[in-house]
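# Working through the structure, step by step
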Amino acid sequence: KAGVTQTPRYLIKTRGQQVTLSCSPISGHRSVSWYQQTPGQGLQFLFEYFSETQRNKGNFPGRFSGRQFSNSRSEMNVSTLELGDSALYLCASSLAGQVLRNYTFGSGTRLTVV
Amino acid sequence: AQSVTQLDSQVPVFEEAPVELRCNYSSSVSVYLFWYVQYPNQGLQLLLKYLSGSTLVKGINGFEAEFNKSQTSFHLRKPSVHISDTAEYFCAVREETSGSRLTFGEGTQLTVNP
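An account of the accompanying structure is given in this report. All figures in this text were calculated on a predicted structure; none of them were measured in a lab.

### A closer look at the overall build of chain A
When helices and strands are counted, chain A shows zero helices and eleven strands. Along its sequence from the N terminus, chain A presents helices and strands in the succession β-β-β-β-β-β-β-β-β-β-β. Taken over the C-alpha trace, chain A has a radius of gyration of 13 Å; the compact-globule value for 114 residues is 13 Å, and the two agree within 12%. Seen through its principal axes, chain A has C-alpha atoms that stretch 40 × 25 × 25 Å. Classification of the 114 residues of chain A by burial places 49% in the buried group. Partitioning the intrachain contacts of chain A with sequence separation of at least 6 by distance along the chain shows that 54% fall at a separation of at least 24. Computing the positive centroid from 12 side-chain charges and the negative centroid from 5, chain A places the two 5 Å apart.

In structure tokens:
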């Protein structure tokens, strides 16, 4: 059974550009959550999608957005990149319909903004 | 809002020694508690979780944790560590009312020396 796949694994962008990261969940998983990991702020929740709808959102500026497609794949977009957006972005998928469903995390996309 | 504090940022130990990684949380509602491990350049792997019932929880790789409601703690223990346990460990809490959002501690780097 394939795990959670995040692409690309590494990315270098320039300040002011925008970036799109992709997450393919485990087959059958309909919920996808995104987290940002930085040395200074640690792991912070970005948002969660289920059945193409955003169900929960963390405290990030509007430059951070996401979406989910009908096949449960998710993308997150960051516009007008800042140096502080350099981070490891982790995606996690889980089964729907369970109150305490386990997350399975992908290996992440490491974004460097220069 | 909930918060999680991992009391030690770095824990060095010798191989085959016991280890305890400490975690305290604060929340005004019922919570579910988790420990994750992260190896270099990888995502997060679930070690164990406390949902309800027995306060002593056993996880993978010989780890266990004890939930102490009165002290709001969820310390992780292993009686004998291996070199391969070297990694960063994260304690996380999910409130009953916050959906699937996890709040993570700052992480503890466990280094096992020969």
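Here the narrative resumes.
### A short note on the pattern of salt bridges
All names here are of chain A. Applying the stated criterion to the full structure yields ten salt bridges over all chains. Arg67 serves as the salt-bridge partner of Glu75, at 3.3 Å between the closest nitrogen and oxygen. For Glu75, a relative accessible area of 15% translates into the label buried. A salt bridge links Arg73 to Glu75; the nearest nitrogen and oxygen atoms lie 3.2 Å apart. Since its relative accessible area comes to 23%, Arg73 is described here as partly exposed.

### Remarks on the side chain of Ser73 of chain B
All names here are of chain B. Along the chain, Ser73 turns up in strand β9 (residues 73-78). Take Ser73: its relative accessible area is 3%, and that puts it in the buried class. In contact with Ser73, not counting residues within four places along its chain, are Cys23, Asn24, Tyr25, Glu66, Phe67 and Asn68.

### Side note on the packing of aromatic side chains
Across all of its chains, the model carries 14 aromatic pairs over all chains by this definition. Between Tyr103 of chain A and Phe105 of chain A, the ring centres sit 5.6 Å apart and the planes meet at 90 degrees, which makes this aromatic pair edge-to-face. In terms of burial, Tyr103 of chain A and Phe105 of chain A fall into one category: buried. An aromatic cluster is present here, built from Tyr35, Phe45, Tyr103 and Phe105 of chain A together with Phe34, Tyr36, Phe90 and Phe104 of chain B joined pairwise through their rings. Between the NZ or CZ atom of Arg94 of chain B and the centre of the ring of Tyr103 of chain A, over which it lies, the distance is 5.5 Å.

### Some thoughts on empty space enclosed by the protein
Over the atoms, a rolling probe the size of a water molecule traces out where space has been left empty. Following the criterion strictly, the structure yields one cavity of 30 Å³ or more and no others. The volume enclosed by the largest cavity comes to roughly 50 Å³. Along its surface, the largest cavity is lined by Arg9, Tyr10, Leu88, Ser107, Gly108 and Arg110 of chain A together with Asn41 and Gln42 of chain B.

### Structural notes on the sheet that holds strand β8 (residues 74-78) of chain A
All names here are of chain A. One open sheet accounts for four strands, arranged β1-β3-β8-β7; its pairing is antiparallel. If you trace the sheet from one side to the other, it starts and ends with β1 (5-7) and β7 (64-68), each paired once. Ignoring strand direction, the axes of neighbouring strands in this sheet form an average angle of 20 degrees. The sheet contact formed by β7 and β8 spans five bridges and is antiparallel. By the bridge assignment for β8, Gly66 is matched with Met76.

### Structural notes on the interface of chain A and chain B
Contact residues are listed per partner, giving 21 residues for chain A and 18 residues for chain B. Note on chain A versus chain B: buried area summed over both sides is about 1600 Å², and carbon and sulfur give 49% of it. In this assembly, chain A and chain B are joined by zero salt bridges. On the surface where chain A and chain B come into contact, there are five residue pairs in polar contact (both at pLDDT 80 or more). Secondary structure elements with two or more residues in the side of chain A that touches chain B: β4 (31-38), β5 (42-50), β6 (53-57) and β9 (87-94) of chain A. Within the side of chain A that touches chain B, the residues separate by chemical class into ten nonpolar, seven polar and four charged.

### Description of the environment of Gln68 of chain A
Residue and element names in this part refer to chain A. Locating Gln68 in the fold gives a position in strand β7. Separated by 33 residues in the primary sequence, Gln68 and Tyr35 have C-alpha atoms spaced 15 Å apart. In terms of polar contacts, Gln68 uses its side chain to reach the backbone amide nitrogen of Phe50, at 3.3 Å. In terms of polar contacts, Gln68 uses its side chain to reach the backbone amide nitrogen of Ser51, at 3.2 Å.

Rules and cut-offs
Residues numbered from 1 in each chain as written. Chains lettered and ligands numbered in written order. Predicted model: local features only at pLDDT ≥ 70, side-chain atom pairs only at ≥ 80, totals over all residues. Heavy atoms only, no water. Helix = DSSP H or I, 4+ residues; strand = E, 2+ residues; numbered from the N terminus. Rg over C-alpha atoms; globule rule 2.2 N^0.38 Å. Buried < 20%, exposed > 50% of the residue type's maximum accessible area, 1.4 Å probe, protein only. Contact = heavy atoms within 4.5 Å. Lys, Arg positive; Asp, Glu negative; His and termini not counted. Charge placed at Lys NZ, Arg CZ, Asp CG, Glu CD. Salt bridge = Lys/Arg side-chain N within 4 Å of Asp/Glu carboxyl O. Phe/Tyr/Trp six-rings, centres within 6.5 Å; stacked < 30°, edge-to-face > 60°. Lys NZ or Arg CZ within 6 Å of the ring centre and 35° of its normal. 1 Å grid on protein atoms, 1.4 Å probe; cavity = no way out; pocket = protein on both sides within 12 Å on 5 of 7 lines; lining within 4 Å. Points joined across faces, edges and corners; volume = space filled by probe spheres on them. Pairing = 2+ DSSP bridges. Axes fitted to C-alpha atoms, helices over the stretch in contact; angles between N-to-C directions. Buried area = accessible area lost by both parts, 1.4 Å probe. Polar contact = N/O pair within 3.5 Å; in protein donor to acceptor, adjacent residues only side chain to side chain. Nonpolar A, V, L, I, M, F, W, Y, C, P; charged D, E, K, R; others polar.

Structural measurements only, silent on function.
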